Structures are given as structure tokens and as C-alpha cells.
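# Coordinate inspection notes
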Amino acid sequence: MPEDDAIRCDACPVLCYIKPGRTGACDRYGNNNGQLVRIDPHVVLDRAKSRGDSVVPFLDRDREWDGSIVAGPETFVTAIGAGTTYPDYKPAPFIISSEVQGVDMVTVVTEGIFSYCGVKVKIDTDRHLGPETNTVRAQGEPVGHVTTSEYGSQMLSLGGVRHLTGGSRREGTVTCETLLNLCDRKPVELTIDEGATVIVQAGKPPVVDGTQEERMRVGCGSATIGMFAKQWFGKVDEVVVVDDHITGVLSEHQAGKLLGVPETGIKMKGHRSTPGRYFRVAEPGTAWGGTNIENPLSILQTFNPKIAWPKLRLLMVSTTGEHHAYFELDESLRPVEKELPAVLSESVARIKENCEPALSTVLFMGGAGGSLRAGVTENPVRLTHSVRDALTRVTCGGAPVYVWPGGGITFMVDVTRMPEHAFGYVPTPALVAPIEFTLKVKDYAALGGYMDHVRPLDSIVERGGRRHVSARPENPWPLAPGKSSKSDRKSDPRSNQ
Amino acid sequence: MREAAQIRLLPGGRRLHLHDGPIDLIVEAFGLTQEINAAYQAAAARFATVLDELCSELALLRQPAGKIPVGVIAKRMVAAVAPYAQQTFITPMAAVAGAVAEEILGAMTFAASLSRAYVNNGGDIALHLAPGEKFVVGMIERPDRPSLFGTATLASSQPARGIATSGWRGRSFSLGIADAVTVLADRAAVADAAATIIANAVDLPGHPAVVRVRARDLAPDSDLGALLVTQGVGKLSANEIDAALDAGVAVANSLFSNGLIRSAALHLHGNTRVLRHDHWVSNVPSEAEMLALAAKKSGKGMASAVPLRAPEPVASAAEGMFARRRTQINCGT
């Protein structure tokens with residue numbers, strides 16, 4: 001049935017065979033010189049002052065977009081649905097001018113086909129997901145690896161050219177699908193060799209081996225002792241911060257010693273690392289401090305009768321503050337649980353308060369190659385220089401990006417700051433991501449821009465087939481990044497622009 | 001890779017947009033707010049599996065004759081094309097848009113009490129009208145240049161609850177040269193199939209100004225295979241336009257007298273013919289009756305399907321077929 005020049009579209013189960021220059025049954029995907037491309041209406045980012053979001057959520061009446069279109073520089077054309085520069089020497093599909101604060105700005109928008117791209121995933125969990133460098137799999141196919149962990153978080157590096165095009169056909173397809181789903185903020189199940197199975201979704205808590213992470217711990221047990229020692233001093237005689245990684249004991253810990261906390265005769269189970277720091281007080285689990293213990297006293301041995309005293313006050317707390325218990329020793333030096341005194345409940349609440357919600361976060365990372373840059377200027381390296389010199393601003397679907405120092409234009413962007421459905425793919429397989437370059441008209445001319453292809457903003461907005469979305473209030477406005485798109489909001493510390 | 005179905009409210013918050021692959025529905029319900037919400041929830045829930053259901057039997061639905069499918073929408077498609085299947089080349093795909101629209105509308109009216117509702121599947125529309133209600137429907141001639149050439153008022157006292165438009169400029173291929181044929185029928189799937197048949201009949205076979213291309217050269221997996229589909233229509237004389245419209249009207253009249261359509265408007269090069277009848281025929285076949293027809297035929301085995309060019313065979317054959325059907329019913333009672 002398929003003829004040699006037709007390609008099969010797998011965007012939906014109809015699985016159309018599409019001839020070059022034609023679209024499938026949906027009119028949304030087409031065959032462009034052998035490449036499957038999405039022909040969605042072009043996304044125009046409206047700097048609407050309205051509430052609302054990129055799409056109107058189904059039956060969510062509080063967040064409806066009022067449908068207004070704001071004219072002039074209040075509108076920014078994103079590259080989503082713009083089409084690509086393929087073949088490379090063609091000018092980018094849209095080169096748009098708009099006047100911003102008296103300065104003519106040019107935005108070159110294109111959808112880049114990124115063979116060199118991937119996502120960096122930060123998973124807020126202390127659970128061991130798998131050994132560093134071990135393979136991460138989706139649907140059984142290798143799609144990336146475990147990379148260096150960060151404080152309180154495990155890191156995965158997924159995608160990249162080796163998985164996309166260097167392995168089997170299925171490996172490439174599954175990798176592409178995994179990246180696309182992660183970038184589209186959909187949940188993806190990943191399995192790590194000799195490690196855990198984790199469900200990752202941008203901006204949502206990770207689910208590790210079926211357990212959803214709630215909060216990041218404030219620090220390890222030892223660090224928690226260090227942070228709160230002063231607040232406990234004088235209010236309690238001994239504190240044990242239970243943690244699967246390092247359990248801390250106040251009286252033995254350096255922080256306690258410095259404050260002059262007297263010895264208490266406490267004896268811990270587990271393996272002592274350095275004074276006041278214990279490894280493996282219990283097995284990993286989902287109870288106290290990521291251990292399997294339900295009764296905190298089970299990690300204590302009997303107090304040393306030569307040092308301990310009756311009425312000794314003992315606080316046991318987990319690294320997230322979710323578990324806590326207060327004891328006093330009786331005449332035979334056995335801990336008896338008592339109600340937590342008010343002076344201590346404040347410190348427990350503070351531990352809790354300092355535990356941030358655990359999230360998975362996804363940064364798309366890609367490099368704008370020579371071909372993509374050639375769509376912007378006849379002399380591609382000048383675009384790189386212009387970005388370096390901060391004359392040209394790079395955005396991804398209108399969202400701010402971090403551009404890596406060094407050669408080329410390699411950037412990272414938080415996918416949750418982009419409009420929905422901003423990414424596509426081609427059967428190479430490679431991801432299609434929007435990318436916009438914004439610069440002054442005279443700078444554009446100077447770097448060899450396609451001046452005869454510059455079109456006024458109105459001509460883009462007036463033509464049909466445009467999807468207007470409201471700007472995200474947390475993003476700086478792409479044409480005037482000094483101001484956030486919502487004037488009453490402080491500038492976003494996450495912005496790199 | 002499979003994109004998820006999109007379910008969202010359109011800007012303005014009144015209309016629901018359901019999109020999955022080639023299915024693109026605009027839905028609007030009227031009535032009490034909680035009833036509208038219930039209807040939209042039901043529409044969304046039903047919509048979730050529609051494309052997968054159809055695709056699981058896609059090969060069967062792309063064939064002119066075959067077994068009766070399993071899916072409720074697929075069965076409705078087969079039933080809708082059954083009256084024509086013996087006389088001309090038609091596959092159940094000719095009724096897919098209307099059949100899907102009917103299904104979603106059915107889910108909504110089952111779940112909620114609505115004064116009015118419509119499900120618009122790219123111009124193939126299923127309607128709900130509570131007693132005393134009416135819809136005003138706008139009609140466009142050229143989908144690529146939308147401008148209203150007329151409106152039709154549909155009142156609850158009239159039987160039509162399905163509207164469909166077919167033409168060579170539309171999303172689907174056409175064997176004829178009509179710019180647009182709009183049909184009113186009792187059910188959307190029936191309207192969809194009928195619009196296809198009538199639009200195919202508006203034709204000037206062998207005319208040099210008509211550009212025809214094999215369907216499979218445009219879309220390799222088209223259900224129309226090697227049949228020639230219209231890709232361009234050049235200048236035609238007034239007589240030629242009349243002749244082509246006459247052919248379409250003849251077929252439309254035969255469908256009317258068989259209870260398959262209630263009305264039709266045919267457009268070609270700025271000329272419009274509207275079927276006007278001052279009566280309703282009462283012998284309207286139900287979906288079950290039409291499906292029974294399909295089951296009977298597939299049991300017997302079909303004669304080789306040939307593309308229909310002249311209107312006469314359809315007219316006479318369709319009448320003959322329904323004459324048989326009526327006879328059977330008479331015998332039974």
C-alpha cells in the first residue's frame with residue numbers, strides 16, 4: 001500500500017500514508033519533502049492583561065480567557081507552528097517587526113528540528129533511584145542515564161543524539177516519544193537499571209516505586225541538628241533526627257558540643273560515622289525519615305545509667321517534621337512518651353515549613369545548529385556572536401532560556417513556562433521545538449538578516465490560522481524583558497534574561 | 001506517536017472543542033447550566049475512545065462491502081451507506097463524520113436535559129431540538145472562502161436532525177464537481193452519506209475542464225483507491241452547469257422519495273438548486289432497518305462495485321431496493 005515517497009504519520013491511530021506536499025486526514029500533519037511536519041495554527045502569544053492560560057481549561061470557569069486580542073507590541077509571535085527552515089538556506093518562516101518603546105524590533109521565529117537535544121530531569125527525592133551512569137529506560141528501551149545527583153534531588157539526563165538516531169529504530173522512536181511527552185508535561189514512567197521505577201511529570205511530585213513524594217527533607221539528619229541546635233538548646237536535653245541517610249544526635253553532634261550540650265548517655269543502633277552521625281539505623285522505607293521504623297524507640301538501645309538521669313527530655317523527629325515524638329526518662333531510665341511541650345512544637349513546625357514540595361522538573365536542552373541559524377541570517381556565525389553580545393535575545397515559545405557559554409547556541413528552557421503543545425517531532429526521529437530570536441532592526445541588518453522578508457506584526461496577526469494565547473505572568477515579556485508581563489509582579493528570580 | 005485527545009472549552013466558554021486525530025468537533029448545548037455541564041462531561045467521556053474504536057475496524061470500514069462491524073459508530077456508518085452499496089462504490093467512511101456527531105450528541109442528550117444542542121463535525125452536524133425550539137443554520141458554498149450564501153431554519157416540528165455538506169473543495173475527496181451539496185436528513189450519518197452520493201452525481205463525465213486524479217495518488221490509503229477524484233474544475237458553460245446540477249437533482253429526488261433525505265441544496269459555479277417538497281415522506285428507514293439491509297447484502301455477496309456516473313441507475317436502483325424493503329415489511333405484517 002505505501003508508495004516509496006509517502007510517509008506514514010503516527011500522530012494518531014489512523015496512521016495515514018501521506019504523499020509529499022499533502023496533509024493527512026486531519027489536515028494537521030503533512031509531508032514536507034519527506035519530513036512529517038505539524039501544520040498547527042501558528043501560536044501568537046498575546047500580552048493580554050487578562051487572567052487565563054494558553055488554552056482554556058475544560059470546565060474551569062475561573063480561568064477562562066476573555067478572548068481579547070491586544071494589538072501592537074503587546075503581541076509576540078512565537079515559533080510554535082511556524083514551520084521550519086528546512087532546507088536550510090530558506091529564510092525563517094516568519095520574520096516579524098514590531099515597535100517596542102520607540103525601537104523597531106525584529107523577531108525571527110522558526111521551529112527548529114533538534115537532533116541534538118534532550119531533557120534534564122530533576123527529581124526531588126532522597127530515595128536511591130539507581131547507580132550513577134546506569135541506563136534509564138522507557139518501554140524497555142534505553143533513553144538516557146542517571147547523572148550526578150544534586151542536593152535533595154536525583155538527576156536524569158535523557159535523550160541526545162545517541163539514543164535518538166544512534167541506536168535501533170525503536171530506541172529512537174521511544175526516546176523521541178519520551179522527550180515529547182516530558183516536554184508536553186505528560187507523565188512518563190522511567191525504569192532505571194538496578195534501580196527504581198519512577199513516574200516523572202514536569203511540575204508534579206515524582207512517584208518512586210509507587211509512592212508519591214510529598215516533601216523534600218530540610219536536610220539530612222545531621223544537617224537538621226546543625227540548623228536547629230540553637231533553637232533546641234535549653235528546651236530539651238537530647239534530640240534525635242531520624243533519617244535513612246544520616247541520623248543526627250544533638251548531644252554528640254559537633255553543633256551540640258559547641259553549645260555545651262551535656263552528654264545524655266544515649267546509645268543508638270546503627271553504624272556510627274562521626275560523632276553524632278549514624279548510618280543505617282534501620283532499613284529504608286516509607287515511615288520515619290525514609291526508614292521503615294514505625295516506633296522511633298526501636299533505634300535506641302538502653303541509656304547508659306552512669307550518665308543518663310530521670311526526667312531527661314528527649315525529642316525524636318524526622319527530617320521532614322512529619323513524624324515526631326517527645327519522651328521523658330522514668331526512674332529506671334526508660335523513655336515514656338509525653339505530650340510535646342509548646343516550646344518544642346515550634347521547632348518541629350519550622351522543620352516542616354522548611355521542607356519544600358517535592359517536584360519533578362524538566363528542562364529542555366537543545367543546540368541551534370548551523371541550518372537553523374542560516375534561516376535567520378546569511379552569515380550564521382554572526383547570530384551566535386549577536387546572542388553572545390546580548391544584542392539578540394533567544395526565547396523558546398516566548399519563555400526565557402539560559403544560553404550556555406561557549407560556542408554555538410545551546411540553551412535550556414523550563415518546559416512548564418512554555419505554551420502547551422509547543423513541541424512536535426519529525427520521524428528522523430528528532431524533536432521540533434520553537435525558537436525565537438529578537439533583536440533591533442539595525443542589528444538585524446548588520447548581521448546579514450533577510451531584510452526583504454521582514455513583515456510587520458499586523459500582517460501576521462490579521463491573517464487567520466493564528467492561535468492567540470495569553471502570556472504567562474511569570475515570564476518576562478519577550479520584547480521587553482526588563483518588565484515581567486504582569487506589571488504588579490516582581491521580576492522573576494528564575495529569569496535569566 | 002499517539003497524541004492525546006484534546007478536550008477544552010473554546011474562548012468564550014460556551015462551546016466545547018473535542019479534537020482527536022482527524023476528528024474535530026465543535027459542540028454547544030443550551031439549557032440550564034448544570035445540564036450543560038453534565039452534557040459536556042458526557043460528551044468528553046464518550047469522545048475519549050471514539051477514534052480508537054473506529055481505528056480498530058478501519059480496514060473493514062474502508063472497504064465497500066464486508067462484515068458488519070462491532071462498534072456502535074461503525075455500525076451506524078455501515079447502515080448509512082447500505083442503501084447505495086449495491087449500485088455504486090461507497091464505503092462506510094462516507095458517513096464517518098455524521099456518525100461520530102450523532103454518537104456524541106446521543107451521549108449528551110442521554111446525560112442531560114437540554115433545550116437545544118449541536119455537534120458540528122467539520123460541517124456534518126447532529127442536532128437536538130426540544131419541542132418549540134429551532135436552529136438557524138448558515139450555509140457556505142466554498143469552505144476555502146467562507147461566506148454565507150443562505151440560512152436554513154430548522155424547527156423542532158420538522159423531522160431533520162442531521163445536516164451534512166459534501167463537495168470537491170471539502171476535506172474529503174469527491175467524485176463529482178459540485179462546490180457544495182448540503183443535505184438535511186433525519187440523522188447526521190444518513191445526511192453525510194447522502195451528501196456524498198448527491199455531490200458525486202453532480203458531474204460532467206469526461207469533461208476536459210475537470211481535473212481528476214486517482215485518489216490513491218493523493219492519499220495512498222484512501223478508501224477510494226484508483227477512483228478518479230476531482231481536483232480542479234475549469235470554466236463551464238451555462239448548459240453544462242445545468243446538466244451537471246440536473247444529474248445531482250435527479251439523484252436527490254430519488255433519495256427524497258425513499259425517505260433518505262428531507263431537503264438538499266446543490267451548488268456549482270454560483271448556481272444553486274434547492275429541493276423543495278411540500279410534504280414529508282413517511283417511509284423513513286430506521287438505522288436498524290438500514291443495517292439489516294447491509295447484513296443481508298454482505299451475506300449474499302456483492303456484485304463488483306462500479307463508480308456511478310449517470311444518475312439513472314441510482315434513482316431506479318435505489319427505488320427498487322426500497323420497494324423490496326417495503327415489500328418485505330408488508331409481507332411480515
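Bear in mind the structure is a predicted one, so any value in this text is a computation, not a measurement.

## Observations regarding the sheet that holds strand 12 (residues 263–268) of chain B
Working definition: the strands of a sheet are paired by backbone hydrogen bonds and lie parallel or antiparallel to each other. Residue and element names in this part refer to chain B. Pairing in this open sheet of nine strands is antiparallel, and the strands run 1-2-3-4-5-8-9-12-13 from one edge to the other. The outermost strands of the open sheet, each flanked by one partner alone, are strand 1 (6–9) and strand 13 (271–274). Taking each pair of neighbouring strands and ignoring which way they run, the sheet shows an average axis angle of 10 degrees. Of the strand pairs in this sheet, strand 12 and strand 13 are connected by four bridges, and their pairing is antiparallel.

## Structural notes on the confidence of the model for chain A
Residues and elements named next belong to chain A. Per-residue confidence for chain A gives a mean pLDDT of 77; residues scoring 70 or more make up 75%. Here strand 5 (residues 42–46) is the element of chain A with the lowest mean pLDDT, 45, and strand 10 (residues 135–138) is the one with the highest, 96. This stretch, residues 41–74, has a pLDDT under 50; its non-local contacts, to residues over four places away or in other chains, come to 94 contacts. Below pLDDT 50 for its whole length, residues 483–497 participates in 25 contacts with residues either more than four positions away or in separate chains.

## Some remarks on the sheet that holds strand 23 (residues 313–318) of chain A
All names here are of chain A. Spatially, seven strands are ordered 20-21-18-17-23-24-25 in an open sheet, and the strand pairing comes out mixed. Every other strand in the sheet has two partners, leaving strand 20 (271–274) and strand 25 (335–338) as the edge strands with one partner each. Averaged over all neighbouring strand pairs, the angle between strand axes comes to 30 degrees, with direction disregarded. Looking at chain direction, strand 17 (residues 238–242) and strand 23 are connected through five bridges and run parallel. Note on strand 23: the bridge partner recorded for Val 241 is Val 317. Packing against the sheet, helix 3 (residues 221–232) makes contact with strand 17, strand 18 (247–249) and strand 21 (277–279), and its axis sits at approximately 150 degrees to strand 17.

## As for the packing of helix 5 (residues 96–111) of chain B against helix 6 (residues 188–201) of chain B
For any two helices packed against each other, the geometry is given by the interaxial angle and the distance between the axes. Residues and elements named next belong to chain B. Close contact between helix 5 and helix 6 brings their axes to 7 Å; oriented N to C, the two are set at 170 degrees. Classified by the angle between their axes, helix 5 and helix 6 sit roughly antiparallel to one another. Contacts between helix 5 and helix 6 involve Ala 97, Gly 98, Ala 99, Ala 101 and Glu 102 on the former and, on the latter, Ala 188, Ala 189, Ala 191 and Asp 192. For the contact of helix 5 with helix 6, the per-class residue count stands at six nonpolar, one polar and two charged.

## A word on the pairing of strand 3 (residues 23–30) of chain B
Two faces, one strand: in a regular strand the side chains alternate between the faces of the sheet. All names here are of chain B. Burial along strand 3 is one-sided: the residues Ile 23, Leu 25, Val 27 and Ala 29 are buried and none of Asp 24, Ile 26, Glu 28 and Phe 30 is. Bridge count for strand 2 (residues 16–20) against strand 3 is five bridges, and the pairing is antiparallel. Directly across from Leu 18, in strand 3, lies its bridge partner Leu 25. Between strand 2 and strand 3, which pair antiparallel and follow one another directly, the connecting turn spans two residues, one of which, Gly 21, has a positive phi of 55 degrees. In the sheet, strand 3 pairs with strand 4 (residues 116–121) via six bridges, with the strands oriented antiparallel. Counted as the bridge partner of Ala 29 is Ala 117 from strand 4.

## Some remarks on the confidence of the model for chain B
All names here are of chain B. Counting all residues, the mean pLDDT for chain B is 80, and 82% of those residues have values of 70 or more. Under a pLDDT of 50 for its full length, residues 143–147 has, in the predicted model, five contacts with residues more than four places off or in other chains. In the predicted structure, residues 299–333 sits below a pLDDT of 50 and forms 46 contacts with residues beyond four places in sequence or in another chain. With a pTM of 0.47, the predicted complex shows an ipTM of 0.74.

## Quick word on the pairing of strand 12 of chain B
Residues and elements named next belong to chain B. The element strand 12 is extensively covered by neighbouring structure, given that six of its six residues are classed as buried. Across the two faces of strand 12 the burial is the same, with Ser 263, Ala 265 and His 267 and Ala 264, Leu 266 and Leu 268 all buried. As defined by bridge partners, strand 9 (residues 180–185) adjoins strand 12 across five bridges and the pair is classed as antiparallel. Residue pairing across strands places Leu 184 opposite Ser 263, the latter belonging to strand 12. Taken together, strand 12 and the strand that follows it, strand 13, pair antiparallel across an intervening segment of two residues, in which His 269 is found at a positive phi of about 50 degrees.

## Thoughts on the environment of Val239(A)
Residues and elements named next belong to chain A. For Val 239, the position within the fold is in strand 17. Classification of Val 239 as buried rests on a count of 30 C-beta atoms within 10 Å. It is 8.8 Å that separates the C-alpha atoms of Val 239 and Ala 229, two residues lying 10 residues apart in sequence. Not counting the four nearest positions on each side in its chain, Val 239 is found in contact with Ile 225, Trp 232, Leu 250, Leu 315 and Val 317.

## Quick look at the environment of Gln254(A)
Residue and element names in this part refer to chain A. Inspection of the secondary structure assignment puts Gln 254 in helix 4 (residues 254–259). Here the alpha-carbon distance between Gln 254 and Gly 226, two residues 28 residues apart in the chain, equals 8.0 Å. What Gln 254 contacts, discounting residues up to four positions off in sequence, is Pro 275 and Gly 276.

## Remarks on the packing of helix 4 (residues 72–81) of chain B against helix 6 of chain B
Residues and elements named next belong to chain B. Close contact between helix 4 and helix 6 brings their axes to 9 Å; oriented N to C, the two are set at 45 degrees. Here helix 4 lies oblique to helix 6, going by the angle between them. Between helix 4 and helix 6 lies a crossing whose hand is right-handed. Contact residues: helix 4 offers Arg 76, Met 77, Ala 80 and Val 81, while helix 6 offers Ala 189, Val 190, Asp 192 and Ala 193. Here the contact of helix 4 with helix 6 is built from residues that sort into six nonpolar, no polar and two charged.

## A closer look at unusual backbone geometry
Trans peptide bonds make up most of the peptide bonds, and negative phi angles are found at most residues other than glycine. Positioned with a positive phi, Arg185(A) is a non-glycine residue whose angle comes to about 65 degrees. Inspection of the secondary structure assignment puts Arg185(A) in the loop between helix 2 (169–183) and strand 13 (188–192).

Rules and cut-offs
Residues numbered from 1 in each chain as written. Chains lettered and ligands numbered in written order. Predicted model: local features only at pLDDT ≥ 70, side-chain atom pairs only at ≥ 80, totals over all residues. Pairing = 2+ DSSP bridges. Helix = DSSP H or I, 4+ residues; strand = E, 2+ residues; numbered from the N terminus. Axes fitted to C-alpha atoms, helices over the stretch in contact; angles between N-to-C directions. pLDDT = per-residue confidence, 0-100. Contact = placed C-beta atoms within 7 Å. Parallel < 35°, antiparallel > 145°, perpendicular 65-115°, else oblique. Nonpolar A, V, L, I, M, F, W, Y, C, P; charged D, E, K, R; others polar. Buried ≥ 20, exposed ≤ 12 C-beta atoms within 10 Å, placed from the backbone. Left-handed = near helix turned anticlockwise from the far one by under 90°.

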